[in-house]
Amino acid sequence: MADTMNRVDAATTLLRTLLSGAGRVARGIRWYITTLMGDSAYATYVAHHHRQHPEEEPLTERQFWRQRMDDQDRNPGARCC
């Protein structure tokens, strides 16, 4: 009976370890894709703005994205279009 319980505990521990690792990988992939696509750009901007310019109000999210798109249109860089 104890031997069976030890095997069940080992299998459960292994399964939890695998699921935990898969969760970490999934979170890493999500972070990479959202960072690559710029989804966190506004939050990064606001955090930086509060650190560097605490007395000034940051741009609204709409203003931020408008300015970012205008900058990309003026300076396309390595984009194809």
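Figured I'd write up the structure that's included with this text. (Residues numbered from 1 in each chain as written. Predicted model: local features only at pLDDT ≥ 70, side-chain atom pairs only at ≥ 80, totals over all residues. Heavy atoms only, no water.)

1. Regarding the overall build of the protein chain
For the record, the criterion: A helix here means a DSSP run of H or I that spans at least four residues, while a strand means a run of E at least two residues long, and both kinds are numbered starting from the N terminus. With C-alpha atoms as the basis for the radius of gyration, the globule rule is written as 2.2 Å multiplied by the number of residues raised to the power 0.38. Burial classes follow relative accessibility: with a 1.4 Å probe on protein chains only, a residue under 20% of its type's maximum area counts as buried, one over 50% as exposed, and anything between as partly exposed. For every accessible area listed, the method is Shrake-Rupley and the probe measures 1.4 Å; residues are considered covered only by the protein chains on display. A residue counts as positive if it is Lys or Arg and as negative if it is Asp or Glu; His and the chain ends are not included. The atom standing in for a charge is NZ when the residue is Lys, CZ when it is Arg, CG when it is Asp and CD when it is Glu.
Counting its secondary structure elements, the protein chain contains 3 helices and 0 strands. Secondary structure of the protein chain in N-to-C order comes out as α-α-α. Whereas a compact globule of 81 residues would reach a radius of gyration of roughly 12 Å, the protein chain reaches 23 Å, over 25% beyond that. Counting across all 81 residues of the protein chain, residues that qualify as buried make up 12%. As displayed, the protein chain has an accessible area near 7100 Å², and 60% of this comes from carbon and sulfur atoms. Looking at charge distribution, the protein chain has the averaged site of its 11 positive side-chain charges lying 7 Å from that of its 10 negative ones.

2. Thoughts on the packing of helix 2 (residues 41–52) against helix 3 (residues 61–74)
Basically, it comes down to this: Helix axes are fitted only over the stretch in contact, all axes being lines through C-alpha atoms; the angle between N-to-C directions runs from 0 to 180 degrees. Comment on the angle field: the value is read as roughly parallel under 35 degrees, roughly antiparallel over 145, roughly perpendicular from 65 to 115, and oblique elsewhere. Working rule for contacts: check all heavy atoms of both residues, and any pair within 4.5 Å makes them a contact. As a working rule, the residues Ala, Val, Leu, Ile, Met, Phe, Trp, Tyr, Cys and Pro are called nonpolar, Asp, Glu, Lys and Arg charged, and the rest polar, with Gly in that last group.
One can describe the packing of helix 2 onto helix 3 by two numbers: an axis separation of 10 Å at closest approach and a directional angle of 105°. By the criterion of interaxial angle, the relationship of helix 2 to helix 3 is roughly perpendicular. Between helix 2 and helix 3, the contacting residues are Ala41, Tyr42 and Tyr45 on the first element and Glu61, Phe64, Trp65 and Arg68 on the second. Across the contact of helix 2 with helix 3, the residue classes tally to 5 nonpolar, no polar and 2 charged.

3. Comments concerning the packing of aromatic side chains
Filter applied, for reference: In this scheme Phe, Tyr and Trp rings, the latter by its six-membered ring, pair at centre separations within 6.5 Å, and the angle between planes marks the pair as stacked below 30 degrees, edge-to-face above 60, and tilted otherwise.
Taken as a whole and judged by the stated rule, the model has 4 aromatic pairs. Relative to Phe64, the ring of Tyr45 has its centre 5.1 Å away and its plane inclined at 25°; by these criteria the two rings are stacked. Of the two residues, Tyr45 sits in helix 2 while Phe64 sits in helix 3, which places them 19 residues apart along the sequence. The two residues Tyr45 and Phe64 agree in class, both being buried. When the centroid spacing of 5.1 Å and the interplanar angle of 75° are considered together, the rings of Phe64 and Trp65 count as edge-to-face.

4. Focus: the side chain of His49
The residue His49 is located in helix 2 in this model. Aside from chain neighbours lying at most four places away, what touches His49 is Pro54, Glu56, Glu57 and Pro58.

5. With respect to the nonpolar core
Heads up, the condition is: Put simply, a nonpolar core is a bunch of buried Ala, Val, Leu, Ile, Met, Phe, Trp, Tyr and Cys residues held in one set by side-chain atoms that sit within 4.5 Å of each other.
Within the largest apolar cluster, 5 residues are counted, these being Ala41, Tyr42, Tyr45, Val46 and Phe64. Looking at this core, the element that brings in the most residues is helix 2, giving 4 residues. With sequence-adjacent residues up to four places away left out, Tyr42 is seen in contact with Leu59, Thr60, Glu61, Phe64 and Trp65.

Purely geometric numbers; function is a separate question.
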